[in-house]
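Okay, here's what each chain looks like letter by letter:
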Amino acid sequence: NGVEDYTQVYLPKLPDDCNSLETFDFLKKFENGRRDLQWTTGPKLFSNMLTLLSECTDAEDTWEDLTAQSATETVATFTVAFTGFKSAMLSELRHDDQLESLRTISKP
């Protein structure tokens, strides 16, 4: 019918000095962008994730360590790597770790 649809989504790169909350925000925006831009193939997901991590050395190294074990770039292997990446990068935000930290604080 000659009509074209365009979708524009802002996906920030993860900065090199990011903290856990910025990483959480980045991951949420990535998941939303993945859906909105219809990234439905493994190679597209792997390529775009690596591009968005290119400014954050620690995140990029973590991602590359996790994906080095994947023989193929499929949606399933991306999901496994992405889950591991979230766990590694957001470890400071884990509820149990926060509770344990609160338990070790002594009263003045």
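See the structure above.
Rules used throughout
- Residues numbered from 1 in each chain as written.
- Predicted model: local features only at pLDDT ≥ 70, side-chain atom pairs only at ≥ 80, totals over all residues.
- Heavy atoms only, no water.
- Buried < 20%, exposed > 50% of the residue type's maximum accessible area, 1.4 Å probe, protein only.
- Helix = DSSP H or I, 4+ residues; strand = E, 2+ residues; numbered from the N terminus.
- Contact = heavy atoms within 4.5 Å.
- Phe/Tyr/Trp six-rings, centres within 6.5 Å; stacked < 30°, edge-to-face > 60°.
- Core = buried A, V, L, I, M, F, W, Y, C linked by side-chain atoms within 4.5 Å.
- Salt bridge = Lys/Arg side-chain N within 4 Å of Asp/Glu carboxyl O.
- Lys, Arg positive; Asp, Glu negative; His and termini not counted.

Moving on, we get to helix 2 (residues 42–52). Every buried residue belonging to helix 2 is among G42, L45, F46, N48, M49 and L52, and all of these are buried. Buried residues along helix 2 sit against helix 1 (20–36), helix 3 (57–67) and helix 4 (75–89).

Another point: the packing of aromatic side chains. In this description, a pair of aromatic rings is defined by centroid distance and the angle of the planes. The tally for this structure, following the rule as stated, stands at 9 aromatic pairs. Pairing F46 with W63 gives two aromatic rings, centres 6.0 Å apart and planes at 45°, and the pair type is tilted. Taken together, the positions of F46 in helix 2 and W63 in helix 3 put the pair 17 residues apart, joining distant regions of the chain. Judged by centre distance (5.5 Å) and plane angle (85°), the ring pair of F46 and F78 falls under edge-to-face.

By size, the foremost hydrophobic cluster in this structure holds 21 residues, and its most contacted members are M49, L53, W63, F78 and F85. At the level of secondary structure, the elements contributing two or more residues to this core comprise helix 1, helix 2, helix 3 and helix 4. No other element matches the 5 residues that helix 4 contributes to this core. When near neighbours in sequence (up to four residues on either side) are disregarded, F78 contacts F30, R34, L45, F46, M49 and W63.

Bringing the pattern of salt bridges into the picture now. Inspection of the entire model under this criterion finds 3 salt bridges. In this structure, K29 engages D25 in a salt bridge whose closest nitrogen and oxygen atoms are separated by 3.2 Å. Taken together, the residues span about one helical turn, with K29 and D25 both in helix 1 at a distance of 4 residues. A residue is classified by how much of its surface remains accessible, and K29, at 31% relative accessible area, is partly exposed. Salt-bridge contacts for K86 lead to E31; the nearest nitrogen and oxygen are separated by 3.2 Å. A residue pair is termed long-range when its members are at least 10 positions apart, and K86 in helix 4 and E31 in helix 1 qualify at 55 residues.

This part covers the side chain of E60. In this structure, E60 sits in helix 3. Although E60 is buried, it makes no salt bridge; K13 carries the closest opposite charge, 9.0 Å away. Ignoring sequence-local partners within four residues, the contact set of E60 consists of L50, L53 and S54.

All right, on to the environment of E55 then. Looking at the secondary structure, you find E55 in the loop between helix 2 and helix 3. When its relative accessible area of 46% is taken as the criterion, E55 is described as partly exposed. Remark: the alpha-carbon pair of E55 and D17, spanning 38 residues in sequence, is separated by 9.3 Å. If we skip the residues at most four places from it in the chain, E55 touches K13, L14, P15 and D16.

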